[in-house]
Amino acid sequence: MRKGCAIIFLFLFSKIYSQTITQTIKGVVVDKQSQVPLPGVIIQVMNSDPLLGAATDENGEFKITNVPIGRWQLKVKAISYKEKYITIILNAGKESVQTIELEENVVQGEEVVVVAEQDKTKNNNKMSTVSSRVFSAEEAARYAGSRNDPARMAANFAGVSGANDSRNDIIIRGNSPMGVLWRLNGLDIPNPNHFGNAGSTGGPVSILNNNTLDNSDFMTGAFAADYGNATAGVFDLRMRKGNNEKFEFLTQVGFNGFELAAEGPLSKKKNASFLVDYRYSTLSVFKALNIDFGTGSAVPQYQDLTFKTDFSTSKFGKFSFWGIGGLSYIALLESDKKQGQDLYGYSSRDTYFRSNVGASGVSHTYLFKNNAYIKTNAGISGSYNYISADRIDTSFKTPKNLKPEYRQETKTVHYTLNSTYNKKFNSKDFINFGIYADFFNTLFVDSTDDQFGYNTFVTLRNYKGSSALLRGFVQWQHKFTDNFLVNLGVSNQYFLLNNSNAVEPRVGLKYSLNSKQSLSLGGGLHSQLQPVYIYFASENVNGVRTETNRNLDFTRAAHAVLAYDNSFAQNFRLKTEIYYQYIYNAPVKNYPDYFSALNLGADFNSPNVTNLVSKGTGTNYGLEITLEKFYSRGYYFLFTGSLFESKYAGSDKVERNTAFNGNYVTNLLGGKEFRINQKHTISLDVRGTYAGGKRYTPIDVQASILAKNEIADGTKAYSLQYPDYFRIDVKPGYRFNTRKLTHEFSVDIQNVTKHLNVFQQAYDIKNETIKTDYQLKFFVIPQYRLLF
């Protein structure tokens, strides 16, 4: 009897264990230009046995059930539209929800096939011609060293340089990181990073949550006319929709924190969904448990929240409501520093830093019956920073020998409204035009005591007021044939603070030599406001604080790009671009000097620079190459190389290297998946970076000793360069699926060779010497993610 029961148990166990684990693929297919849902589109799961597939209904929606988990390629085909292939990863713990855009053929009935993991040349923005790339959230999670951060992932692309282990600021074609525009769900947002200083665009930890992002665009130059107030590049990000039929959950522990997420339907009619995700700093949790990582009080404390809801109605269109927000705080206390610690703070100072940032918006999309739609966005965003720095000196007869040195408080509240009308006339012609209105309420107050006397604090900036930026644009796309198209546009910006105005024409041409090769040309004028603290810099004239920079113009740049693209084999791509940028009207001193605002963003501060005029210039030019194997047959690789020059001239008319002129950067990364069986998959991802060192201005030691503070030798501005940057990261991973759960483990091992990359040279006030701080020496980031 026992033997019989054992045989039955083993039989049932083997049947359960050998059962195929399946999941659902669903989504919607729309026309790329008009956003009209497409009925009758055929979606097939390639190489499935038996062949699985579905057709879209009258709402453009489809669902394919009982698909075995794993990596699959979808074939999407419709009459008069270009055929498309998409690669997806299907896990047991989460359904795959896809929004697929198809492009109509100019010559009806002609078959055009686009084959790739995802065609990286086809952006979400249909008016982009050159220097643009679409990326997925899965890529940000996949690449070694990216820490689930879109900005760190983008540092692997051609024309982009990171070379800073502590922050995710990105340098695009030699431009300051401050020239980058962040846009989320159609609204321009402030710096979306924890510990971001006033006017900066980067930080150590991103608030943007990789688990909530959809496919998004990244642009490095000559961008379309609907992007304004940027001269370097654009992140145009989208948040995905939550599952509108099924509740799903996620928990994750890693570098970005302890994380919990949920999504699901808001109503039984399947026309509404929600998505919410919360993270809390991992190191803060360990600190609360009295676990010491050797950083003393310098523990980064942060938390963030992301949410999105979507509603669809039959009469009034589609609505979405979303928001992101983050709180962060850190204390860099020299007085508590232990022997051998490096806090990367200012020498002989205790510094306290608090940063809060948030953005929220509502979007409405209404489809007309004539292949047109209007999209309107309204939102509010804001940022808050507080900095307190106390000087340490044994001559101060105070507790811990501390004396207040610097205080800063900044707050900006940004109200925004925009609306864009899009019209597809036929398969050849498409136009869109829109208006943007941005209103700012700003508080900026800071003061310093560099004399260290009694009651000797001096106000640097003290501004509280409002202003606005108004923009409008119009664009037209005409396809002469399926092989030749032109994008024409013009944008206009008007700044109410000082009545500055900028007219910006844009043009893009693309000619396909054949089904695999194309040539593209893009160009135009771009302009950007100055960081808010520049406008309100002030000086004391006869006892009266005077703002000297209020009338500064936009910084302006002319971009020109020539690109060649060759998809020489299935899932392979070679792309080269050459570019030239001429920058003018950059703020410089009104007397001969080396200073230029083009170098702002190289350091983590907001300098009080007065007496500026819009007469500075700069040039950036270079050559870029990308060789990529999209993910297929279990592996991928990406090689990018950039050679560039970045120069500027201050008011002294001397041409110098900018602070961002690294001259070259190369990246090589790749990965391989080893599928043991349906349940178990092992992966290995590797990344290597070799780049020119950061430019810097040498320190005048004797002047620093006399001033008891760091003094740079401005006559040699950015004339020196740190040694080349080199780093290799390795990321092994393991994915395990059960019937209802997906477990993912990974260990991101960064700088495995322990190469010493210079972070900075700084003046040590206590020892009256120059010290060298180094970047990440060796860092291991384990991560666990559970989907259910």
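Just so it is clear, the structure is predicted and the values come from calculations on it, not from any experiment.

Cut-off values and rules
In this convention, every chain numbers its residues from 1, walking through the sequence in written order. Only residues with pLDDT of at least 70 get local features here, since the model is predicted, and only at 80 or more are side-chain atom pairs given and counted; chain-wide, interface and lining totals rely on the full set of residues. Note that the side-chain values use all heavy atoms of the structure and ignore hydrogens as well as water. Secondary structure is summarised from DSSP: a helix means a run of H or I of at least four residues, a strand means a run of E of at least two, and numbering begins at the N terminus for each. We compute the radius of gyration over the C-alpha atoms and compare it with the globule rule, which gives 2.2 Å times the number of residues raised to the power 0.38. Buried means the residue's accessible area, taken with a 1.4 Å probe over protein chains only, is under 20% of the maximum for its type, while exposed means over 50%, and partly exposed covers the values in between. The contact rule is simple, with two residues in contact once any of their heavy atoms fall within 4.5 Å. In summary, the charge assignment counts Lys and Arg as positive and Asp and Glu as negative, without counting His or the chain termini. A single reference atom marks each charge: NZ on Lys, CZ on Arg, CG on Asp, CD on Glu. Under this definition, polar contacts are N or O atom pairs within 3.5 Å; protein pairs additionally need one hydrogen-donor-capable and one acceptor-capable atom, and for neighbouring residues in sequence, both atoms have to be side-chain atoms. What makes a patch is a set of residues exposed beyond 30% relative accessible area and free of salt bridges, joined within 9 Å when like-charged and within 5 Å when nonpolar (Val, Leu, Ile, Met, Phe, Trp, Tyr). All accessible areas in this document rest on Shrake-Rupley with a 1.4 Å probe, and a residue is counted as covered only by the protein chains that are shown. The term salt bridge refers to a side-chain nitrogen of Lys or Arg lying within 4 Å of a carboxyl oxygen of Asp or Glu. The aromatic pairing rule takes the rings of Phe, Tyr and Trp, using the six-membered ring of Trp, and pairs them if the centres are within 6.5 Å, calling planes under 30 degrees apart stacked, those over 60 edge-to-face and the rest tilted. Charge over a ring is defined by NZ of Lys or CZ of Arg lying within 6 Å of the ring centre and within 35 degrees of the ring normal. Strand pairing is defined by DSSP finding a minimum of two bridges between the two strands. For helices, the fitted axis covers only the stretch in contact; all axes are lines through C-alpha atoms, and the angles between them, taken along N-to-C directions, range from 0 to 180 degrees. Here, the term nonpolar core denotes a set of buried Ala, Val, Leu, Ile, Met, Phe, Trp, Tyr and Cys residues that are joined through side-chain atoms within 4.5 Å. Per-residue confidence from the predictor is given as pLDDT, running between 0 and 100.

Draft legend 1. The arrangement of the overall build of the chain in detail. Assigned secondary structure in the chain consists of six helices and 46 strands. Computed over the C-alpha atoms, the radius of gyration of the chain is 27 Å, within 12% of the 28 Å expected from 2.2 N^0.38 for a compact globule of 788 residues. Counting only residues that meet the buried cut, the chain has 56% of its 788 residues in that class. The contacts in the chain between residues at least 6 apart in sequence include a share of 65% that link residues at least 24 apart. Where the 86 positive side-chain charges of the chain centre and where its 71 negative ones centre are 5 Å apart.

Draft legend 2. Looking closely at the side chain of Arg349. Along the chain, the position of Arg349 falls in strand β23 (residues 349–367). For Arg349, a relative accessible area of 9% puts it in the buried group. At 2.6 Å, the side chain of Arg349 and the side chain of Glu405 are in polar contact. In terms of polar contacts, Arg349 uses its side chain to reach the side chain of Asn709, at 3.1 Å. Discounting residues that sit within four places of it in the chain, Arg349 has contacts with Leu332, Leu333, Glu334, Asp390, Arg391, Ile392, Glu405, Asn709 and Ile765.

Draft legend 3. Layout of a nonpolar patch on the surface. Where nonpolar side chains cluster on the molecular surface, the patch consists of Trp476, Leu488, Val507, Leu509, Leu521, Leu562, Ile578, Leu623 and Leu643 and spans about 750 Å² of accessible area. Here Leu509 shows up in strand β29 (residues 500–512).

Draft legend 4. Broad picture of the packing of aromatic side chains. Under the criterion given, the structure shown has 31 aromatic pairs. Ring centres 4.9 Å apart and planes at 35° place the aromatic pair Phe745 and Tyr784 in the tilted group. One end of the pair, Phe745, is in strand β43 (residues 742–750); the other, Tyr784, is in strand β46 (residues 779–787), and 39 residues separate them in sequence. Taking the relative accessible area as the measure of exposure, Phe745 reaches 40% and is therefore partly exposed. Owing to a relative accessible area of 24%, Tyr784 belongs among the partly exposed residues under this scheme. Taken together, the ring pairs connect Phe135, Phe157, Trp182, Phe218 and Phe235 into an aromatic cluster. Over the aromatic face of Tyr635 sits the side chain of Lys629, whose NZ or CZ is 3.9 Å from the ring centroid. We note Lys672 situated over the ring of Phe674; from NZ or CZ to the ring centre the distance is 5.8 Å.

Draft legend 5. Molecular detail of the pattern of salt bridges. Applying the stated criterion across every chain yields a total of 39 salt bridges. Across the pair Lys77 and Glu83 runs a salt bridge, and its minimum N-O distance is 3.8 Å. Take Glu83: its relative accessible area is 4%, and that puts it in the buried class. With a shortest N-O distance of 2.9 Å, Glu248 and Lys94 are connected by a salt bridge. Of this pair, Glu248 sits in strand β18 (residues 248–254) while Lys94 is found in the loop between β6 (83–90) and β7 (96–102), placing the two residues 154 residues apart along the sequence. Accessibility expressed as a relative area gives 3% for Glu248, which makes it buried. Connected through shared salt-bridge partners, Lys26, Lys63, Glu95 and Glu245 make up one network.

Draft legend 6. Local environment of the environment of Phe480. Along the chain, the position of Phe480 falls in strand β27 (residues 458–481). Look at Phe480 and you get partly exposed, because its relative accessible area is 42%. Here the alpha-carbon distance between Phe480 and Lys428, two residues 52 residues apart in the chain, equals 6.8 Å.

Draft legend 7. Fine view of the sheet that holds strand β13 (residues 187–188). As summarised here, the arrangement of the five strands in space is β9-β16-β17-β12-β13, forming an open sheet in which the pairing is mixed. At either end of the open sheet lies a strand with only one pairing partner, and these are β9 (132–135) and β13. For strand β12 (residues 180–184) and β13, the ladder comprises two bridges, and the chain directions are antiparallel. From the neighbouring strand, Leu184 faces β13, where its bridge partner is Leu187.

Draft legend 8. Geometry of the sheet that holds strand β1 (residues 22–31). Pairing within the open sheet is mixed, and its three strands lie in the order β4-β1-β7. For this open sheet the edge positions go to β4 (61–68) and β7, each flanked by a neighbour on one side alone. This sheet shows a mean twist of 25° between the axes of neighbouring strands, independent of strand direction. Inspection of the sheet shows β1 paired to β4 by six bridges, in the antiparallel sense. Bridge pairing links Lys26 to Lys63 in β4.

Draft legend 9. Structural context of the nonpolar core. Counting residues in hydrophobic clusters, the biggest one holds 31 residues, and the most contacted among them are Phe157, Trp182, Leu184, Phe218 and Phe235. Where this core is concerned, the elements lending two or more residues are α2 (137–142), α3 (150–154), β12, β17 (233–237), β22 (317–333) and β36 (635–649). Non-local contacts of Phe235, meaning those with residues more than four positions away in its chain, are made with Phe135, Pro150, Ala151, Ala154, Ile170, Val180, Leu181, Trp182, Arg183, Asp217 and Phe218.

Draft legend 10. Quick look at the pairing of strand β3 (residues 52–55). Here strand β2 (residues 42–45) runs beside β3; their pairing, made up of four bridges, is antiparallel. Residue pairing for β3: Ile42 is matched across the bridge by Ala55. In this structure, the hairpin formed by β2 and β3 is closed by a connection of six residues, where Asn47 is found at a positive phi of approximately 65°.

Draft legend 11. Local environment of unusual backbone geometry. Between Asp49 and Pro50 the backbone carries a cis peptide bond, its omega angle lying at 0°. If you trace the backbone, Pro50 turns up in the loop between β2 and β3. Residues other than glycine seldom take positive phi values, yet Gln35 does so here, at roughly 65°. Mapped onto the elements, Gln35 comes out in the loop between β1 and β2. Positive phi is not limited to glycine here, since Lys708 has a value of about 55°. Tracing the backbone through its elements, the reader meets Lys708 in the loop between α6 (701–707) and β41 (720–721).

Draft legend 12. The arrangement of the confidence of the model for the chain in detail. Looking at the chain, the pLDDT average stands at 88 and 92% of residues meet or exceed 70. Counting contacts from residues 7–17, a segment whose pLDDT is below 50, to residues more than four positions away or on other chains yields two contacts. Note on residues 109–118: pLDDT is under 50 here. Beyond four places in sequence and across chains, it has 33 contacts.

Draft legend 13. Fine view of the side chain of Ser538. Relative to the helices and strands, Ser538 resides in strand β31 (residues 538–541). Among the residues examined, Ser538 registers a relative accessible area of 5% and is labelled buried. For Ser538, the residues in contact, after removing those within four places along its chain, are Leu460, Arg461, Arg545, Thr546, Glu547, Asn608 and Thr610.

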